[in-house]
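Architecture and fold: a report
The primary structure of each chain is shown beneath.
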Amino acid sequence: MNDLDWDHLPQTTMPPSTTVQVVGFDNEEGANALGEAVLAVVSLAGSFIDLSSLDGVTVAIDYDGALAELDRGLPGLRPLTRSNTEEMQGVAMSPAVMRDGEVRTHIVLNAQMVAPSVAEQYGCDSTDKPMSVGIIAHECAHVQITAEKERLVPDARFGNVIEGYEHAVMFQIAEVLWDEYAACRLSGMFARQQNEAHASTVMATVVVARDRSDDAIRRYRTHGNVDLLIVEAGPPLCAPVKAAAYLLGGMDADGLDWSNFKAVRNALEQAGYADLIDNLYAELRRLWQTRSEWSPTLDVFSGLEAIAHEVFASGGLFFSTNEAGGCWVDVP
């Protein structure tokens, strides 16, 4: 961000009424300082990212509790939970919420991860400040991306039900892949350190993906519960693809390619993920370049859904749906 003209920034798109709620702090002065710092970053990001549909920001020491307690404005929704494995730890989320009949986005941040934004004020090490700024900007990018999907793809609007088990599973994966690629690409100017972090995550997830999914399949041979199989085998199988979506967005934001991440590329090839990631990269770039021309139906993500099918098939899980809508999973 050093090349920005700080004296002539575009006007922020952050709604004037935006507030940052900081919860769980005993030190009121520190909480206020953190809230002001986060608000300043959000306002800055809003000069380059469309935040007109931002609902608000919550910064919480108890991040898991803040996610679970967020009022999303629609009945019957499951409480939000973060990614929480040894390889992938969720630290921020920007879920859609319904407010007065309009879909907006609420940012929830783990206080520990954004605290470095005020480190200098208290004479503490501010080495991690750029990372915290990048995290906040990444979530701001999700605000614009969600608004674009709401406008361009009515069938995918918040609250709509995806019919069919197979379609619902694949669409959920496809949506995550698009959202994270686009968010990393859109917020890249604020997140110069993101690629190193995402490259490490790809490396960490890809080396355990096959073993963990195979373990889940072996357990399935005993319990025979298909739903449990998908819950246990799906996340490790899909984790490298999800992590790669982050990295690919950051690569495109910074004009990089695989020559800058040779170790990651080698790990993907050794684990049998390279072709899957290449197909994913091509489809994500196509969607980015054509998003002003998207079809208003769920078919807009059909290419990403096909890749999700390939990921499951690469682990030995084959989905089928008959004409009556019944779905089964073959595990030869």
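**As for the side chain of Thr205**
- Tracing the backbone through its elements, the reader meets Thr205 in helix H6 (residues 194-223).
- Since its relative accessible area comes to 3%, Thr205 is described here as buried.
- Those residues in contact with Thr205 that lie beyond four places of it in its chain are Glu87, Met88, Ala239, Pro240 and Ala243.

**Thoughts on H6**
- Between the first and last C-alpha of H6 there are 40 Å, a value that for 30 residues agrees with the 44 Å anticipated at 1.5 Å per step.
- Remark: Gly224 follows H6 within two positions and exhibits a positive phi of approximately 70 degrees.

**Remarks on the packing of aromatic side chains**
- Per the stated rule, a full pass over the model turns up eight aromatic pairs.
- Aromatic pair Phe48 and Phe190: ring centres 5.8 Å apart, planes at 65 degrees, arrangement edge-to-face. Placement of the pair is Phe48 in the loop between helix H1 (28-45) and strand S2 (54-60) and Phe190 in the loop between helix H5 (165-186) and H6, with a sequence separation of 142 residues.
- Relative accessible area serves as the criterion here: at 31%, Phe48 is assigned to the partly exposed category.
- Measuring from centroid to centroid gives 6.3 Å for Trp178 and Trp288, while their planes differ by 50 degrees, and the two rings are tilted. With Trp178 in helix H5 and Trp288 in helix H9 (residues 274-290), the pair connects residues that are 110 residues apart, well separated along the chain.
- Using a relative accessible area of 16% as the deciding quantity, one classes Trp288 as buried.
- Taken together, the ring pairs in this structure connect Phe171, Trp178, Tyr181, Trp288, Trp294 and Phe301 into an aromatic cluster.
- The aromatic ring of Trp288 is capped on one face by Arg291, whose charged end is 4.0 Å from the ring centroid.

**Some thoughts on the pattern of salt bridges**
- By the definition in use, this model includes 15 salt bridges.
- Glu232 is the salt-bridge partner of Arg219, the closest N and O atoms lying 3.1 Å from each other. Here Arg219 is found in helix H6, whereas its partner Glu232 is found in helix H7 (residues 226-254), with 13 residues between them in sequence.
- Its relative accessible area of 26% is what places Glu232 among the partly exposed residues.
- Across the pair Arg285 and Asp252 runs a salt bridge whose closest N-O atoms are separated by 2.8 Å. Taken as a pair, Arg285 in helix H9 and Asp252 in helix H7 lie far apart in primary sequence, 33 residues in all.
- Residue classification places Arg285 among the partly exposed positions, given a relative accessible area of 35%.

**Remarks on the nonpolar core**
- Formed by 93 residues in total, the largest nonpolar core has its most connected members in Val38, Val59, Leu109, Trp178, Trp258 and Tyr273.
- Looking at which element gives the most residues to this core, the answer is H7, with 12 residues.
- Apart from the residues within four sequence positions on either side, Leu109 is in contact with Val38, Val57, Thr58, Val59, Ala60, Tyr63, Val91, Ala92, Val114, Ile135, Ile136 and Glu139.
- Ala66, Leu67, Met93 and Val108 belong to the second largest nonpolar core, which has nine residues in total.

The rules behind these values
- Residues numbered from 1 in each chain as written.
- Predicted model: local features only at pLDDT ≥ 70, side-chain atom pairs only at ≥ 80, totals over all residues.
- Heavy atoms only, no water.
- Helix = DSSP H or I, 4+ residues; strand = E, 2+ residues; numbered from the N terminus.
- Buried < 20%, exposed > 50% of the residue type's maximum accessible area, 1.4 Å probe, protein only.
- Contact = heavy atoms within 4.5 Å.
- Expected span 1.5 Å × (residues − 1).
- Phe/Tyr/Trp six-rings, centres within 6.5 Å; stacked < 30°, edge-to-face > 60°.
- Lys NZ or Arg CZ within 6 Å of the ring centre and 35° of its normal.
- Salt bridge = Lys/Arg side-chain N within 4 Å of Asp/Glu carboxyl O.
- Core = buried A, V, L, I, M, F, W, Y, C linked by side-chain atoms within 4.5 Å.

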